[in-house]
Amino acid sequence: MQTKVFRITDPSLAGAELQEAADILRAGGLVVFPTETVYGLGGNGLSHEAAEKIYAAKGRPSDNPLIIHIHDPAEADKYAVTDQLYNRLAAAFMPGPLTVILPKRDCIPYATTGGLDTVAVRCPDHPIAHALLKACRLPIAAPSANLSGKPSPTCAEHVISDLSGRVDIIIDGGESDIGLESTIVKIDRDETGEYLTLLRPGAITADALACVCERVVIAPAVLEQLKEGERPLSPGMMYRHYAPTIPLVLLDGTPKDILAFLKSEQETKPCAILCYDEEATELQHKNLFTVGAREDLATQAHTLFAHLREADKTDARIIYAHLPPRDGLGLALYNRLIRAAAHTIKKI
Ligand code: AMP
Ligand code: MG
């Protein structure tokens, strides 16, 4: 398949390209589009065949469901059974990096939801995604636009290297702003009332969610390795993910001890290091990737997946990174990094 790449900086000047992409989606084709989180691999969310094409293009198991993207939060009710808590979440965080799991309506095929009776709904906050959704007049089903198992793409070059020849159109809209996938929550109820289960942490933090819903429960798979045969609430958490092919090890210790360890490792073995800006001058520059200042979690999130891809291209035999804190945006970084590292943490 020949893949067209459209570079779009201003969607108001790209009407013809966006219409062509919208027509491809309506005709059952695949279009990669930028969002504020990561790039999405989109197809018609109402079509069984389009969902199957998405799984095939990604090389993704078909029990790992897709997210339905909508241009207006109020549209969710066409595809899912919404409730008051959904409305409060939408008012607080949409458009934005939040995905909500709701009971699905019949128009959403089981192929899209990986066989589940629930559907994931998100309204992205990106002018190109918004313009494409409006032009195609469809909900767009989209997982991240990487080959299954690779880090999510945060710029068009990542998408081109993974999916060229596998999709009809790639829309290049520059670097993703946030750089980590959306926060996913499920609305649940028990005898004491409604609550949110956090299935995947992202830029909408647990603290921010708690301002809208008092009870936020973090799903075990966010922090811990699943036991053999255990199924997570969010199927995506089951798969090894974001993973470089070179082993990644996360370092846990005081700043001083970690710096001393990294210096000595650089002298004795070929390693790649994701270090804080503050450490860069003290380390050798070969295979060194500065992730942002120690306290600047937003920059660390923005650069993480690109650095994992770059570190994986080096001649290193091992990649080291810091174990992030577990609060605020740190929880999202922690969740992606422990999975990329297959839970390998080294105490220094
Ligand atoms: P991706 O955008 O590539 O991370 O893929 C979407 C992720 O959303 C999947 O990996 C699932 O973990 C999650 N997801 C989508 N639909 C559901 C659902 N109905 N229930 C729970 N998790 C879901
Ligand atoms: Mg993904």
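See above for the structure.
A short tour of the structure in this document, coming up. (Residues numbered from 1 in each chain as written. Chains lettered and ligands numbered in written order. Predicted model: local features only at pLDDT ≥ 70, side-chain atom pairs only at ≥ 80, totals over all residues. Heavy atoms only, no water.)

**Let's talk about the overall build of the protein chain**
- On a plain count of helices and strands, the protein chain comes out with eleven helices and 16 strands.
- Along the three orthogonal principal directions, the C-alpha set of the protein chain runs to about 60 × 55 × 40 Å.
- The contacts of the protein chain with a sequence gap of at least 6 include a subset with a gap of at least 24, amounting to 67%.
- For the protein chain, the centre of its 35 positive side-chain charges and the centre of its 45 negative side-chain charges are spaced 4 Å apart. (Helix = DSSP H or I, 4+ residues; strand = E, 2+ residues; numbered from the N terminus. Contact = heavy atoms within 4.5 Å. Lys, Arg positive; Asp, Glu negative; His and termini not counted. Charge placed at Lys NZ, Arg CZ, Asp CG, Glu CD.)

**Brief notes about the pairing of strand β6 (residues 118–122)**
- By the criterion of burial, β6 is predominantly enclosed, with four of the five residues buried.
- Summarising the sheet, strand β4 (residues 67–69) and β6 pair through three bridges and their orientation is parallel. Following the sheet pairing, H69 is matched in β6 by R122.
- Alignment of strand β5 (residues 98–103) against β6, held across five bridges, turns out to be antiparallel. (Buried < 20%, exposed > 50% of the residue type's maximum accessible area, 1.4 Å probe, protein only. Pairing = 2+ DSSP bridges.)

**Some remarks on helix α5 (residues 127–136)**
- All of the buried residues along α5 are I128, A129, L132, L133, A135 and C136. In a view along the axis of α5, the buried residues occupy a sector of 165 degrees, so they form one face of it. With respect to the buried face of α5, the exposed residues turned more than 90 degrees away are P127 and K134.
- On its buried face, α5 is in contact with α1 (15–26), β2 (31–33), β4, β7 (140–142) and β8 (169–172).
- Directly beyond the C-terminal end of α5, a positive phi value near 55 degrees is found at R137. (Arc of directions from axis to C-beta.)

**Overview of the sheet that holds strand β3 (residues 40–44)**
- A sheet is described by the order of its strands in space; here eleven strands give the open sequence β1-β8-β2-β3-β7-β4-β6-β5-β9-β10-β11, paired in mixed fashion. Edge positions in the sheet fall to β1 (4–7) and β11 (216–218), since each has one partner strand and no second. Direction aside, the axes of adjacent strands within the sheet are offset by 35 degrees on average.
- Against the sheet, α1 contacts β1, β2, β3, β7 and β8, and its axis sits at roughly 145 degrees relative to β8.
- Sheet strands in contact with helix α2 (residues 48–58) are β3 and β7, and its direction is about 155 degrees off that of β3. (Axes fitted to C-alpha atoms, helices over the stretch in contact; angles between N-to-C directions.)

**Concerning the sheet that holds strand β14 (residues 288–290)**
- With parallel pairing, five strands are arranged side by side in an open sheet as β14-β13-β15-β12-β16. Every interior strand has two partners, whereas the edge strands, β14 and β16 (345–347), have only one. Within this sheet the neighbouring strands show an average axis-to-axis angle of 25 degrees, counted without direction.
- When strand β12 (residues 248–252) meets β16, the two strands line up parallel, connected through three bridges. Paired with D252 across the strands is K347, a residue of β16.
- On top of the sheet, helix α11 (residues 330–340) reaches β12, β15 (318–322) and β16; it is set at about 130 degrees to β12, its chief contact.

**Regarding helix α10 (residues 297–312)**
- Across its 16 residues, α10 extends 22 Å between first and last C-alpha, which sits within 8% of the 22 Å expected from 1.5 Å per residue.
- Tucked into the core, α10 has its buried residues touching α6 (156–163), β12, β13 (271–275), β14, β15 and α11. (Expected span 1.5 Å × (residues − 1).)

**A short note on the state of the cysteines**
- Under the definition given, this model contains zero disulfides.
- C211 forms no disulfide, and the closest cysteine sulfur to it belongs to C213, at a distance of 11 Å. (Disulfide = S-S within 2.5 Å.)

**Regarding the packing of aromatic side chains**
- This structure, assessed with the given rule, holds one aromatic pair.
- Each ring, one from F261 and one from Y320, has its centre 5.3 Å from the other, and the planes form 80 degrees; the classification is edge-to-face. Highlighted residues: F261 in helix α9 (residues 255–268) and Y320 in strand β15, separated in sequence by 59 residues.
- Lying across the ring of Y110, K104 places its NZ or CZ 4.2 Å from the centre. (Phe/Tyr/Trp six-rings, centres within 6.5 Å; stacked < 30°, edge-to-face > 60°. Lys NZ or Arg CZ within 6 Å of the ring centre and 35° of its normal.)

**Quick notes on the side chain of R60**
- Position of R60 relative to the elements: it lies in the loop between α2 and β4.
- For the buried R60, which has no salt bridge, the nearest side chain bearing the opposite charge is D63, at an N-O separation of 7.3 Å.
- Of the polar contacts made by the side chain of R60, one reaches the backbone oxygen of P65; its length is 3.2 Å.
- Those residues within four positions of R60 in sequence are excluded, and the remaining contacts are Y55, P65, P143 and S148. (Salt bridge = Lys/Arg side-chain N within 4 Å of Asp/Glu carboxyl O. Polar contact = N/O pair within 3.5 Å; in protein donor to acceptor, adjacent residues only side chain to side chain.)

**Quick look at unusual backbone geometry**
- Residue M94 is joined to P95 through a cis peptide bond whose omega torsion reads -5 degrees.
- Here P95 lies in the loop between α4 (84–93) and β5.
- Even without being a glycine, R137 presents a positive backbone phi close to 55 degrees.
- Its identity is not glycine, yet N287 carries a phi of approximately 55 degrees, on the positive side.
- Taking relative accessible area as the criterion, N287 reaches 14% and is therefore assigned buried.

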